[in-house]
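# Working through the structure, step by step
For reference, the chains in residue letters:
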Amino acid sequence: MGIFDYFRTSKPKTAQVAKERLQILIKHERIDRSGPDFLPQLRNDIMEVIRKYVQIDEKDVNVQLGRVNNYEVLELNITLPDRTAQ
Amino acid sequence: MSRIVVVTSGKGGVGKTTTSAAFATGLALKGYKTAVIDFDVGLRNLDLIMGCERRVVYDFINVISGEANLKQALIKDKRSDNLFILPASQTRDKDALTQEGVERVLKDLTEDGFDFIVCDSPAGIERGAALAMYFADDAVIVTNPEVSSVRDSDRILGLLQSRTRKAERGESIREHLLITRYSPARVASGDMLAMEDILEILAVPLIGVIPESGSVLQASNSGVPVILDKESTAGQAYDDFVRRFLGETVPHRFLEVEKKGLFKRLFGG
């Protein structure tokens, strides 16, 4: 370790931050795109229905369309809030 | 058969028109009969970058609506006998741009024996952009090493793969990634996305990297496509890009920080 390393900041370089943010974002946007057109609307409708009973956040609902063998599978993953937190 | 190439990006200000002008000029200088069409109805600028703004009489919309024929509207470039510019309308309603109209103009250009038709897309994903890409065989996706540009390029790639005639027929458009305003020094210091990072994220074949260069502004100031500036790094990189597009194998240049020699250090340059 050279003397100059001492002065180096440990902060990650912004280009690296940009790359990581883009990789996450684009992965999500591609999933939204690859599904049928109704997927975003379906997600909203499901949110509305659940909100009648429980307060949930956008991030608590995960709608994904996948493929298992020859079947298309619509996977809904809804995280309900902790009862004690209500 | 003409080969139709759309120059697109999603985001504005990344260099679509600069690229369209350089690309069309480069193809024409290599001997191909080339037309370059401005699809940005209401915000025409290709004429200005090509230096023919004072010679515009009729435009793309006039041709589509039958007020002028294609021969009257095409502006012959002053520098190359093979190059013709079809300017966008500056005043007319965007709705005048119709799919049937665009198809007819492209068909007429094909019948006139054009080898290449370059479609300069407007920014965004509205009608003009959608129609610029719809009939394309190839797409040049212009991207800056900057997060919003990369994201928008990915969005455009999605549209190229679904909302084009080729996609509807189950075929696919050839995609080419062109990175512009690249600064090797900023990449080296970790402040700019590297070419390899952009390729990894977008997963599109690279056709060129244009370095950030003052000569691009100088070229647009004077209305001379930057590819004609043989001294500038950007001009040379655009020439490499055209040659790659035509099938030549040309190594990428200007990707490393230029080491200034003693002479340059002493006397500048």
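Keep in mind that what you see is a predicted model, and the values were worked out from it rather than measured.

For the rest of this paragraph, the subject is the overall build of chain A. What chain A contains, in helices and strands, is two helices and two strands. For chain A, the succession of helices and strands along the chain, N to C, is α-α-β-β. Long-range pairs, those at least 24 residues apart, make up 37% of the contacts in chain A between residues at least 6 apart in sequence.

Moving on: the overall build of chain B. Each helix and strand counted, chain B has 13 helices and eight strands in total. Counting every position in chain B, which comprises 269 residues, the buried fraction comes to 53%. Sequence-distant contacts in chain B: of pairs separated by 6 or more residues, those separated by 24 or more amount to 73%. Carbon and sulfur atoms make up 49% of the accessible area of chain B, which totals about 12100 Å². Taken as two groups, the 34 positive and 38 negative side-chain charges of chain B have centres that lie 3 Å from each other.

Before going further, it helps to examine the interface of chain B and chain A. Listed by partner, the interface residues are 15 residues for chain B and twelve residues for chain A. Buried surface at the junction of chain B and chain A, both sides included, amounts to about 1400 Å², of which 53% is carbon and sulfur. When the area that chain B buries against chain A is broken down by residue, the three leading residues are Arg151, Asp154 and Ile201 of chain B, summing to 40%. Connecting chain B to chain A are four salt bridges. Measuring nitrogen to oxygen at the nearest pair gives 2.6 Å for the salt bridge that ties aspartate 154 of chain B to arginine 30 of chain A. On inspection of chain B and its partner chain A, the count reaches nine residue pairs in polar contact (both at pLDDT 80 or more). Of all the elements in the fold, those that place two or more residues in the side of chain B that touches chain A are helix H7 (147–160) and helix H10 (195–202) of chain B. Counting residues per element, the side of chain B that touches chain A draws most heavily on H7 of chain B, which supplies six residues.

On to the pattern of salt bridges. Here the structure, examined in full by the defined rule, presents 20 salt bridges over all chains. Close ionic contact of arginine 151 of chain B with glutamate 29 of chain A constitutes a salt bridge, the shortest N to O distance being 2.7 Å. Within this pair, whereas arginine 151 of chain B is found in helix H7, its partner glutamate 29 of chain A is found in helix H1 (residues 14–34), the two belonging to separate chains. Residue classification places glutamate 29 of chain A among the partly exposed positions, given a relative accessible area of 21%. Arginine 243 of chain B is the salt-bridge partner of glutamate 248 of chain B, the closest N and O atoms lying 3.1 Å from each other.

So, about the UniProt feature "binding site: ATP" (unreviewed entry) in chain B. Residue and element names in this part refer to chain B. Here, UniProt's "binding site: ATP" (unreviewed entry) annotation points to Lys11, Gly12, Gly13, Val14, Gly15, Lys16, Thr17 and Thr18. Along the chain, lysine 16 falls in helix H1 (residues 16–29). Apart from residues lying up to four places away in sequence, lysine 16 is in contact with Val7, Thr8, Ser9, Lys11, Asp120, Ser121, Pro122, Ala123 and Val142. Side-chain polar atoms of lysine 16 contact the backbone oxygen of lysine 11, separated by 3.0 Å. On the secondary structure map, threonine 17 appears in helix H1. The residues touching threonine 17, leaving out its near neighbours within four places in the chain, are Asn45, Leu46, Ile49 and Asp120.

Turning to the packing of aromatic side chains, a few remarks are in order. Centre distance and the angle of the planes are the two values used to describe a pair of aromatic rings. Residue and element names in this part refer to chain B. Evaluation of the coordinates by the stated rule reveals eight aromatic pairs over all chains. Both rings, one in phenylalanine 84 and one in phenylalanine 114, keep their centres 5.6 Å apart while their planes meet at 85°; by these two values the pair is edge-to-face. With phenylalanine 84 in strand S4 (residues 83–86) and phenylalanine 114 in the loop between helix H5 (99–111) and strand S5 (116–120), this residue pair connects regions lying 30 residues apart in the sequence. Here phenylalanine 84 falls in the buried class, since its relative accessible area comes to 15%. In this structure phenylalanine 114 comes out as buried when scored by relative accessible area, which is 3%. Here the guanidinium or amino end of lysine 33 rests over the ring plane of phenylalanine 114, the centre of that ring lying 4.5 Å away.

As a further point, take the UniProt feature "domain: CobQ/CobB/MinD/ParA nucleotide binding" (unreviewed entry) in chain B. Here the UniProt-annotated "domain: CobQ/CobB/MinD/ParA nucleotide binding" (unreviewed entry) positions come out as residues 5–226 of chain B. Within residues 5–226 of chain B, the helical portion is 40% and the strand portion 18%, while the C-alpha atoms at the span's ends are 19 Å from each other.

This part is about unusual backbone geometry. All names here are of chain B. At arginine 181, a position not held by glycine, the phi torsion is positive, near 55°. Looking at the element boundaries, arginine 181 is found in strand S7 (residues 174–182). Relative accessible area serves as the criterion here: at 43%, arginine 181 is assigned to the partly exposed category. You will see that phenylalanine 254, though not glycine, has its phi angle at about 60°, which is positive. Structurally, phenylalanine 254 can be placed in the loop between helix H12 (233–245) and helix H13 (262–267). Residue phenylalanine 254 is classed as partly exposed on the basis of its relative accessible area, which comes to 23%.

The next thing to look at is the pairing of strand S2 (residues 71–78) of chain A. All names here are of chain A. Sheet analysis places strand S1 (residues 61–68) next to S2, joined by eight bridges and oriented antiparallel. Looking across to S2, one finds that arginine 67 is bridged to glutamate 72. Connecting the antiparallel pair S1 and S2 is a turn made up of two residues, with asparagine 69 showing a positive phi of about 50°.

About the thresholds
Residues numbered from 1 in each chain as written. Chains lettered and ligands numbered in written order. Predicted model: local features only at pLDDT ≥ 70, side-chain atom pairs only at ≥ 80, totals over all residues. Heavy atoms only, no water. Helix = DSSP H or I, 4+ residues; strand = E, 2+ residues; numbered from the N terminus. Contact = heavy atoms within 4.5 Å. Buried < 20%, exposed > 50% of the residue type's maximum accessible area, 1.4 Å probe, protein only. Areas by Shrake-Rupley, 256 points an atom, 1.4 Å probe, with all protein chains shown as cover. Lys, Arg positive; Asp, Glu negative; His and termini not counted. Charge placed at Lys NZ, Arg CZ, Asp CG, Glu CD. Buried area = accessible area lost by both parts, 1.4 Å probe. Salt bridge = Lys/Arg side-chain N within 4 Å of Asp/Glu carboxyl O. Polar contact = N/O pair within 3.5 Å; in protein donor to acceptor, adjacent residues only side chain to side chain. UniProt positions renumbered as here; feature names shortened; annotations may be inferred. Phe/Tyr/Trp six-rings, centres within 6.5 Å; stacked < 30°, edge-to-face > 60°. Lys NZ or Arg CZ within 6 Å of the ring centre and 35° of its normal. Pairing = 2+ DSSP bridges.

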